[in-house]
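# Examination of the molecular architecture
If you want the building blocks of each chain, they are given just below.
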Amino acid sequence: MIATKIPNGPIQEKWTQYKATSKLINPANRRKYKVIVVGTGLAGSSCAASLSELGFQVDVFTFHESPRRAHSVAAQGGINAAKDYKNDGDSIWRMFYDTVKGGDFRSREANVYRMAECSLALIDQAVAQGVPFAREYSGYLSNRSFGGVQVSRTFYARGQTGQQLLQGAYQALIRQSAVGNVSLHTRYEMMDLVVVENKAKGIVARNLDTGEISIQEADAVVLATGGYGKIYYLSTLAMNCNASAIWRAHKRGAHFAAPSWTQFHPTSLPQMGDYQSKLTLMSESLRNDGRIWVPKKEHDPRAPKDIPEEERDYYLERKYPSYGNLAPRDISSRAAKEQIDSNHGVGPMKNAVYLDFKDAIARDGKAAIEKRYGNLFDMYKKITGMNAYEQPMLISPAAHFSMGGLWVDYELMSNVQGLFVLGEANFADHGANRLGANSLLQACVDGYFISTHTIMNYLAGETPNVKIDQAIVSNLKKETENRLAKLLAIKGNKTAEEFHKELGILLYTKCGLIREKPILLEAKSQILALQKSFYKDLLVPEGQQINFELEKAARVEDYLELALLIVEDALQREESCGAHFRKEYQTTEGEAKRNDEEYQYVSVWESIEKNVFKLHKEQLEFEYIKVSERSYK
Amino acid sequence: MKLTLQVWRQASAKAKGGFEKYALEGLDENMSVPEMLDFLNEKLIKEGKDPVAFESDCREGICGQCGIAINGHVQSPEKRATTCQTHLRSFRDGDEIHLEPFRAAAFPIKKDLCIDRTALDRIISKGGFIGVNTGQAPEANSILIGHETAEAAFDAAACIGCGACVAVCKNASAALFTGAKISHLSMLPQGKLESKTRVQQMVAQMDEEGFGSCTFTGACEKVCPQGISVAHIVTMNREFWKS
């Protein structure tokens, strides 16, 4: 029942073959088709702009005031591409291998290969758009290294690579809204998916300024709505990141894959107090020069500068000598958590480890470090009030990236026909752990290069502009209206924010970096209880027009359901892999222990009814890469 | 920590607005300003009152969403910081703080601290891009760009579109915002070709939206969270005359 639609033939030729044989639509006929794109981050903007350039009509929806505010803007470190500009042995093949291994052999080979393959053209595209990547003095593009690899394939624009790439995609989108076929709807939230005979035919949208609910029709729908790490409340994500678009699509039939695979980023700033609303990420690129350590002594009260060299434990360098401080994210995060849990944590709440630039500054000089990371050090100072040139940074793991998301086939289409899911919102390329600088890449290639071909291929088989039955339209509208009215009518005594916080702590402690069966079972019943209380005690202030609390309440309602599925997913996977670490399944050295015989699949969940899910499995086959124990030692 | 807030409340675009006073206790000096507003809103909701409408997203100074004026300081009393990067340690215990939306004719107030800045998107739509379609790009290293040029282009491209430059300007001019984009693109070889039409159309749109003229006071550069230099306004003017 799981049809991945991976083309036949050698992996190097699959995508070329696909493009050569996919169906096309005559340029004059393309304008008859309309595609809805939800989300204006890198994936959404690039897809919408590219479709419009091809001649399709595109309706773009974002809850933001401007498309440029989408959270791709916050990615700092860089974007990978197998250009091999460093002559250090990089190739599409090596990038493919690194990514599959980095994902702990839980991703789909053909998709990963294609991402590596498309990475080359993506850098060309971004440069042509005017993205000011870092350059050598000779004028050539510069690269740096990121975690989990031994080559330098990361392109970057200081510590604001996501912002610069998004500017490129945003400008391409805005250009199309002026001269092409894009019509832009800002401050609109997708409340539901319109599915007619298992085909996505539009969305239910709410104008967040007026409260008006409308049905927007189209011949295909693209969801590029990002990840759901914010479900953990404290995360590196923006305040408004949410799961609602994909969750509502899930409830309309789209399968959800690997929901429990959430990446915890190792170099976030630690929580400083209860009032805190989010955690700020410091780019992983800092690990190129910073050394991570904790005091060897438990509960060491000394200031870092008073701890002599021999009393420091550079635990990543000790445990993983060949990758050291650049060990992949899942491993680095878990190692930090272990240090913190075993009383070696530092900082005011003892919930952090040190990232120290003392040696790098002594080696390269302060000016060189300032040049590389100046804006990150400034940001650190703004947030914490501390100077990282003089004392080590405090860092801690935080919920960051969703490897899971809506299940998609090779065409990035969900099992609901005509529903395409791009970027972080889908499950596809990262397996159980994403490598640094691959998320910007995936969002971009999904949007610019892949979806354009696959959407055209789909539309070529569809009759354009089929009107939806009015009875269906008015029913769907009613459903959303009733749902919001119900939330407003509860009039309890607890805010949506309070529910979200409670859910976040519950998930972080019970289904976070380290998981185990009895605790997961506990989490399950607690989430159900919290959900019950939500419908009894929620308090949302009145009003349909500009009511941020109502927006929040609807998103938290969805989070409570998704949380259950996350726990369910973590429970069924009785192995450890990548970011999913089950305490019961570890090697004698404390590393993740996979069980390939039984669990070499992607969990694919079907929504049966509220809180009831059915598991399907997409078996993963590794034809080109030998599945092995993932070692970074 | 205790603070007294004077917050601009305005029910809708057409309603008359005014400051309302809120006394807050139990604040932490490490809270950011939006976190303080969260704190206030939780309290207001529990009291059955309408919470303060304000927009804030990334909370790390890059999305450009949260900007308000704090005691008349656009974005922040701190240097080169956004509202979300402003923490209560910037104030003294017991201070009274005024919070109000950015003020400019081209940025109509929607509710309380929320404003409409889509005028900035419309300026970009008039040429704030390089007209390359997906698939047309040549090999990246075939366009050589010197290190200094790439860095200077980045300095201009770093704009977060927050509108602080407009809000602080006595003329409500968008010259720094527009100049930065024109400068970023015209500096690069791949952006030069469209320089003429770009500058003419973007400047015209700036006027069309009701932004004022630039009298070069330099106030914008001082409040810009990304420290974008007024030199880009000079570049814009030069490009304009050249065209």
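Residue positions are given per chain, counted from 1 along the sequence in the order it is written. In the order they appear in the text, chains get letters beginning with A and ligands get numbers beginning with 1. Where local features are concerned, this predicted model is filtered to residues with pLDDT of at least 70; where side-chain atom pairs are given and counted, the filter is 80 or more; whole-chain, interface and lining totals use all residues. Only hydrogens and water are set aside; all other atoms, that is, all heavy atoms of the structure, feed into the side-chain values.

### Looking at helix α5 (residues 175-187) of chain B
All names here are of chain B.
- Helix and strand assignments follow DSSP, with helices taken as H or I runs no shorter than four residues and strands as E runs no shorter than two, numbered in order from the N terminus. How far a helix is expected to stretch is found by multiplying one less than its residue total by 1.5 Å. With 13 residues, α5 extends 17 Å from end C-alpha to end C-alpha; this agrees with the ideal 18 Å at 1.5 Å per step.
- Taken across its 13 residues, α5 has 12 buried, putting it largely inside the fold.
- When we look at burial in α5, the residues that qualify are Ala-175, Leu-176, Phe-177, Thr-178, Gly-179, Ala-180, Lys-181, Ile-182, Ser-183, His-184, Leu-185 and Ser-186. Residue burial is assigned from relative accessible area. The probe radius is 1.4 Å, only protein chains are included, and a residue is buried under 20% of its type maximum, exposed over 50%, and partly exposed in between.

### Section: the interface of chain A and chain B
- On the side of chain B, 75 residues touch chain A, which itself brings 76 residues to the contact.
- Throughout, buried area stands for the accessible area (probe radius 1.4 Å) lost by two parts on being put together, summed over both. Taken over both partners, the interface formed by chain A and chain B buries close to 6,200 Å², and the fraction arising from carbon and sulfur atoms is 51%.
- For this document, the term salt bridge refers to a Lys or Arg side-chain nitrogen within 4 Å of an Asp or Glu carboxyl oxygen. Linking chain A with chain B are eight salt bridges.
- For Arg-117 of chain B, the salt bridge identified is with Glu-65 of chain A, shortest N-O distance 3.0 Å.
- Polar contact is the term for a pair of N or O atoms within 3.5 Å; when the atoms are in protein, one must be able to donate a hydrogen and the other to accept it, and sequence-neighboring residues count only if both atoms are side-chain atoms. Counting the contacts that link chain A with chain B gives 48 residue pairs in polar contact (both at pLDDT 80 or more).
- Of all elements in the fold, only α3 (42-54), α5 (109-129), α6 (161-179), α11 (366-384), α12 (439-459), α14 (496-510) and α16 (548-572) of chain A reach the threshold of two or more residues within the side of chain A that touches chain B.
- When residues of the side of chain A that touches chain B are assigned to their parent elements, the largest contribution, nine residues, is made by α6 of chain A.
- In terms of residue class, the side of chain A that touches chain B is made up of 29 nonpolar, 27 polar and 20 charged. Only heavy atoms matter for contacts: two residues are in contact if any of them lie within 4.5 Å across the pair. Each residue gets one of three labels, nonpolar for Ala, Val, Leu, Ile, Met, Phe, Trp, Tyr, Cys and Pro, charged for Asp, Glu, Lys and Arg, and polar for the others, Gly among them.

### Some remarks on helix α7 (residues 244-251) of chain A
Residue and element names in this part refer to chain A.
- Of all eight residues in α7, seven are buried, a share of seventy percent or more.
- Of all the positions in α7, only Ser-244, Ala-245, Ile-246, Trp-247, Arg-248, Ala-249 and His-250 are classed as buried.
- Two residues or fewer after α7 comes Gly-253, characterised by a positive phi angle close to 120°.

### Comments concerning the pattern of salt bridges
All names here are of chain A.
- Per the counting criterion, the structure on display carries 76 salt bridges over all chains.
- For the salt bridge of Glu-479 with Arg-252, the shortest nitrogen-to-oxygen distance reads 2.8 Å. Taken together, the residues span a long stretch of sequence, with Glu-479 in helix α13 (residues 470-490) and Arg-252 in the loop between α7 and β10 (256-257) at a distance of 227 residues.
- Arg-252 gets classed as partly exposed once you look at its relative accessible area, which sits at 29%.
- One salt bridge in this structure joins Glu-309 and Lys-358, with 3.5 Å as the shortest N-O distance. Of this pair, Glu-309 sits in the loop between β12 (291-295) and β13 (312-313) while Lys-358 is found in helix α10 (residues 358-364), placing the two residues 49 residues apart along the sequence.
- Classification of Glu-309 as partly exposed rests on a relative accessible area of 38%.
- Among the ionic contacts, a cluster of salt bridges with common partners joins Asp-104, Arg-106, Asp-330, Arg-573, Glu-575, Arg-594, Asp-596 and Arg-630.

### Description of the UniProt feature "active site" (unreviewed entry) in chain A
All names here are of chain A.
- UniProt positions are given in the numbering used here, feature names are shortened, and annotations may be inferred rather than shown by experiment. Those residues carrying the UniProt feature "active site" (unreviewed entry) are Arg-329 in this numbering.
- Examined against the element boundaries, Arg-329 turns out to sit in helix α9 (residues 329-344).
- Setting aside its immediate chain neighbours within four residues, Arg-329 contacts Phe-146, Gln-263, Phe-264, His-265, Pro-266, Glu-284, Arg-287, His-400, Asn-433, Arg-434, Gly-436 and Ala-437.
- A distance of 2.3 Å separates the side chain of Arg-329 from the side chain of Glu-284, its partner in a polar contact.

### Description of the pairing of strand β11 (residues 262-268) of chain A
All names here are of chain A.
- With respect to burial, β11 is a largely interior element, seven of its seven residues being buried.
- Bridge count between β11 and strand β15 (residues 393-402): five bridges; the pairing is antiparallel. Across the sheet, Gln-263 pairs through a bridge with Phe-401, a residue of β15. A pair of strands is considered paired only if DSSP assigns at least 2 bridges between the two.

### What to know about the domain arrangement of chain A
Residues and elements named next belong to chain A.
- With domains assigned, chain A is organised as domain 1 (264-399) and domain 2 (470-619).
- In total, about 970 Å² of surface goes out of reach between domain 1 and domain 2, with carbon and sulfur atoms giving 60% of it.
- Three residues stand out in domain 1 for area buried against domain 2, namely Phe-264, Arg-334 and Lys-337, and they jointly supply 58% of the buried area on that side.
- Counting every contact that joins domain 1 to domain 2 gives zero salt bridges.
- At the surface where domain 1 touches domain 2, the tally comes to three residue pairs in polar contact (both at pLDDT 80 or more).
- A total of five residues in the side of domain 1 that touches domain 2 trace back to one element, the largest contributor, which is α9. By convention here, the domain bounds are inherited from an automatic or database domain assignment.

### Thoughts on the pairing of strand β7 (residues 199-207) of chain A
Residue and element names in this part refer to chain A.
- Most of β7 is tucked away, with eight of its nine residues classed as buried.
- As defined by bridge partners, strand β6 (residues 188-196) adjoins β7 across eight bridges and the pair is classed as antiparallel. Each residue of the ladder has a partner; that of Val-196, found in β7, is Lys-199.
- Two successive antiparallel strands, β6 and β7, enclose a turn made up of two residues, where Glu-197 displays a positive phi of approximately 50°.

### Thoughts on the sheet that holds strand β20 (residues 612-619) of chain A
Residues and elements named next belong to chain A.
- The five strands are arranged β18-β16-β10-β19-β20 in an open sheet whose pairing can be described as mixed. What marks the edges here is a single partner per strand, and that holds for β18 (426-427) and β20.
- Interaxial angle, 0 to 180 degrees, is taken between N-to-C directions of lines fitted to C-alpha atoms, where a helix line uses only the stretch in contact. Helix-sheet contacts for α7 involve β10, β16 (405-407), β19 (601-609) and β20, and the interaxial angle to β19 is about 70°.

### Here's the deal with the packing of aromatic side chains
Residue and element names in this part refer to chain A.
- Whether two aromatic rings pair depends on their centres lying within 6.5 Å, for rings of Phe, Tyr and Trp, where Trp uses its six-membered ring; planes under 30 degrees apart make the pair stacked, over 60 edge-to-face, and the rest tilted. According to the stated counting rule, one finds 32 aromatic pairs over all chains in the structure shown.
- Geometrically, the ring pair formed by Trp-15 and Tyr-18 is stacked, given 5.3 Å between the ring centres and 5° between the ring planes. Note that Trp-15 and Tyr-18 are positioned in helix α1 (residues 14-21) at a spacing of three residues, about one turn of the helix. Considered together, Trp-15 and Tyr-18 belong to a single accessibility category, that of buried residues.
- For the ring pair Tyr-448 and Phe-449, a centre distance of 6.0 Å and an interplane angle of 45° mean the geometry is tilted. In this pair, the class of Tyr-448 matches that of Phe-449, namely buried.

### Observations concerning the domain arrangement of chain B
Residues and elements named next belong to chain B.
- Annotation of chain B at the domain level lists domain 1 (3-114) and domain 2 (118-132 + 143-242).
- Each of domain 1 and domain 2 has a C-alpha centre, and these two points are 28 Å apart.
- Taken together, the contacts link 14 residues of domain 1 with 18 residues of domain 2.
- In this assembly, domain 1 packs against domain 2 so that about 1,200 Å² is buried in total across both faces, 66% of it on carbon and sulfur atoms.
- Three residues stand out in domain 1 for area buried against domain 2, namely Val-74, Arg-80 and Phe-107, and they jointly supply 41% of the buried area on that side.
- The interface formed by domain 1 and domain 2 holds zero salt bridges in total.
- Linking domain 1 to domain 2 there are one residue pair in polar contact (both at pLDDT 80 or more).
- Split by residue class, the side of domain 1 that touches domain 2 holds eight nonpolar, four polar and two charged.

### Some words on unusual backbone geometry
Residues and elements named next belong to chain A.
- Within the chain, Asn-343 stands out as a residue other than glycine whose phi angle is a positive 70°.
- According to the relative accessible area criterion, Asn-343 is partly exposed, its value standing at 32%.
- One non-glycine residue with positive phi stands out, namely Leu-412, at about 60°.
- Locating Leu-412 in the fold gives a position in the loop between β16 and β17 (419-421).
- Accessibility expressed as a relative area gives 1% for Leu-412, which makes it buried.

### Focus: the nonpolar core
- By convention a nonpolar core is built from buried Ala, Val, Leu, Ile, Met, Phe, Trp, Tyr and Cys residues, the set being connected through side-chain atoms within 4.5 Å. Counting 223 residues, the largest nonpolar core has Ile-79, Ile-123, Phe-133, Leu-223 and Leu-419 of chain A together with Leu-5 and Phe-211 of chain B as the members making the most contacts within it.
- Ranked by residues supplied to this core, first place goes to α16 of chain A with 14 residues.
- Leaving out residues up to four positions away in the same chain, Ile-123 of chain A has contacts with Ile-79, Ala-81, Lys-83, Phe-133, Leu-141 and Phe-155 of chain A together with Ala-140 of chain B.
- Membership of the second largest hydrophobic core comes to 37 residues, among which are Trp-293, Val-294, Ile-361 and Leu-376 of chain A.

### So, the side chain of Ser-277 of chain A
- Looking at the element boundaries, Ser-277 of chain A is found in the loop between β11 and β12.
- According to the relative accessible area criterion, Ser-277 of chain A is buried, its value standing at 0%.
- At 2.8 Å, the side chain of Ser-277 of chain A forms a polar contact with the side chain of Arg-59 of chain B.
- Residues in contact with Ser-277 of chain A, not counting those within four places in the same chain, are Lys-230, Tyr-233, Leu-234 and Met-239 of chain A together with Glu-35, Asp-38 and Arg-59 of chain B.

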